[in-house]
Amino acid sequence: MTTEFCRRVGIENPIVAFSHCRDVVAAVTKAGGLGVLGAAHFTPAQLETELSWIDSQVNGMPYGVDVLAPQPGVGDEDGSDTTDLADQIPQQHRDFIEQLVERYDIPPSTGGAEPVEFSGIIVSRRNLDEQVEVSLRHPVRFLVSGLGPFPAEIVETAKAKSVLIGGMCGSVKHARRHVAAGADVIIAQGAEAGGHTGEMSTLVVVPQVVDAVAPVPVLAAGGIATGRQLAAVLALGAQGAWMGSTWLTTHESDVNPILVAKMLAAQSTQTVKTRCMTGKPVRLLHTEFEEAWAAADAPTALPAPLQGMLVRPLITRIFQNKVTQLMGHPVGQAVGFMNEQQTCRAVVEDLMTGLVESLEHVRSELGLDD
Ligand SMILES: Cc1cc2nc3c(=O)[nH]c(=O)nc-3n(C[C@H](O)[C@H](O)[C@H](O)COP(=O)(O)O)c2cc1C
């Protein structure tokens, strides 16, 4: 049940798990899929710790790292500090934050750690270089850019170490850009996905990207949580499924238990695409926080990275003080399939069993077994 992508990275099952949680990454790799650690939230020192821990768990089995390469207009590209940027936040927006504090009676910060669940991320070229440098000190098999293409120097250094380069995209245009910059694998993500997301659905974007970049292998992302869907994206020409949401409610996940409970209870209709977190469209769980930003009296979200800088301290206060109705999390429409807490291994096994059953079902439905 392996595809060319599986053979190239050295995995048994065509399943890739994107997660910020090292336990999920290690568990999926050990279950025969490919765990990919989302590095966006980590400082270089933290990333070093996380990757060393993964190395100690996976016994040489393959895993990957996903980093965010800054693009024009998205982040603080030259790595200079963000003090000047903060001056660009209008008073009207600061006032709106104060209104939310009063409306929900949100206590001040308790001084604890920032939550990783729901924060605006600011990316810079310096962050990227540091994260890649740390990653390439480890036996990483797959290095993925979650935004635009990697700069040429990074592609060159990674390839010199036989690390495969992946590029995440939501359109044919962006897929071609990744390939032109040296990507070995494209991840075509549909708008159903959790996190930053585009406009086209998985069913539409995957075959278009497969055709546009052939023979470069493509992984399908967005809305996939069952073996039936895995069979469907393989039929579209993908060589595997890249999943993010489905791992959030696993036993290994480090997501706040309040949010795990919300996700286990949520339907697929309870996610929204909003710019209120980072300034770019992000799909997340519906909450009163995002609803407040959609109301007529709310200011328009600022461009990235200003919106993230604006809301981050408030979100920290919301999480530290457990203001539950405002606590959200990026998650995709696949949330409607996430109804019971399972181990990562059980999720992988269910996906593979479901894949086999679906293929048998299609053969029998079409009379191919007669
Ligand atoms: C909580 C969360 C955080 C995410 N953060 C990133 C990220 O930092 N980098 C990235 O490339 N993709 C990120 N994504 C998108 C995933 O890589 C993946 O493409 C997406 O989850 C696939 O769709 P699904 O959520 O329906 O499985 C994130 C997704 C979620 C749910």
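Each remark here, short or long, concerns the structure printed above.
Let me sum up the structure you'll find in this document.

Basis of the calculations
Residues numbered from 1 in each chain as written. Predicted model: local features only at pLDDT ≥ 70, side-chain atom pairs only at ≥ 80, totals over all residues. Heavy atoms only, no water. Pairing = 2+ DSSP bridges. Helix = DSSP H or I, 4+ residues; strand = E, 2+ residues; numbered from the N terminus. Axes fitted to C-alpha atoms, helices over the stretch in contact; angles between N-to-C directions. Near = heavy atom within 4 Å. Polar contact = N/O pair within 3.5 Å; in protein donor to acceptor, adjacent residues only side chain to side chain. Areas by Shrake-Rupley, 256 points an atom, 1.4 Å probe, with all protein chains shown as cover. Nonpolar A, V, L, I, M, F, W, Y, C, P; charged D, E, K, R; others polar. Buried < 20%, exposed > 50% of the residue type's maximum accessible area, 1.4 Å probe, protein only. Arc of directions from axis to C-beta. Contact = heavy atoms within 4.5 Å. Expected span 1.5 Å × (residues − 1).

### So, the sheet that holds strand β5 (residues 164-169)
Two orientations exist for strands paired in a sheet by backbone hydrogen bonds: parallel and antiparallel. An order of β1-β2-β3-β4-β5-β6-β8-β9 is seen for the eight strands of this closed barrel, with the pairing classed as parallel. Shown here is a sheet whose adjacent strand axes are inclined to one another by a mean of 25 degrees, direction ignored. Note: strand β1 (residues 15-19) against strand β9 (residues 241-243), three bridges, orientation parallel. Bridge assignment links Ile-15 to a residue of β9, and that residue is Ala-241.

### Concerning the site of the ligand
Taken together, 19 residues lie around the ligand, and Asp-66, Gln-189, Gly-223, Gly-244 and Ser-245 are the ones closest in. A distance of 2.9 Å separates an oxygen atom of the ligand from a polar atom in the side chain of Trp-242. Considered on its own, the ligand offers 590 Å² of accessible surface; in the complex 93% of this is hidden by protein. In terms of residue class, the shell around the ligand is built from nine nonpolar, nine polar and one charged.

### What to know about helix α7 (residues 152-160)
Those residues of α7 that sit buried are Ile-154, Val-155 and Ala-158. Projected onto a plane normal to the axis of α7, the buried residues spread over an arc of 100 degrees and lie on a single side. Residues of α7 that are exposed and point over 90 degrees away from its buried face: Ala-152, Glu-156 and Ala-160. Those residues of α7 that are buried are in contact with α6 (125-135), β4 (142-145) and β5. Phi turns positive, to about 60 degrees, at Ser-162, one or two residues after α7.

### Side note on helix α5 (residues 91-104)
Here α5 spans 20 Å end to end across 14 residues, near enough to the 20 Å set by a 1.5 Å rise per residue. Every buried residue of α5 is accounted for by His-93, Phe-96, Ile-97, Leu-100, Val-101 and Tyr-104. Buried residues of α5, viewed axially, fall in a sector of 145 degrees; they line one side. For α5, the exposed residues set more than 90 degrees away from the buried face come down to Gln-91, Gln-92 and Glu-102. On its buried face, α5 sits against α12 (288-294) and α13 (306-320). Just downstream of α5, Asp-105 is the residue with a positive phi angle, here 55 degrees.

Any functional reading would require information that these geometric values do not contain.
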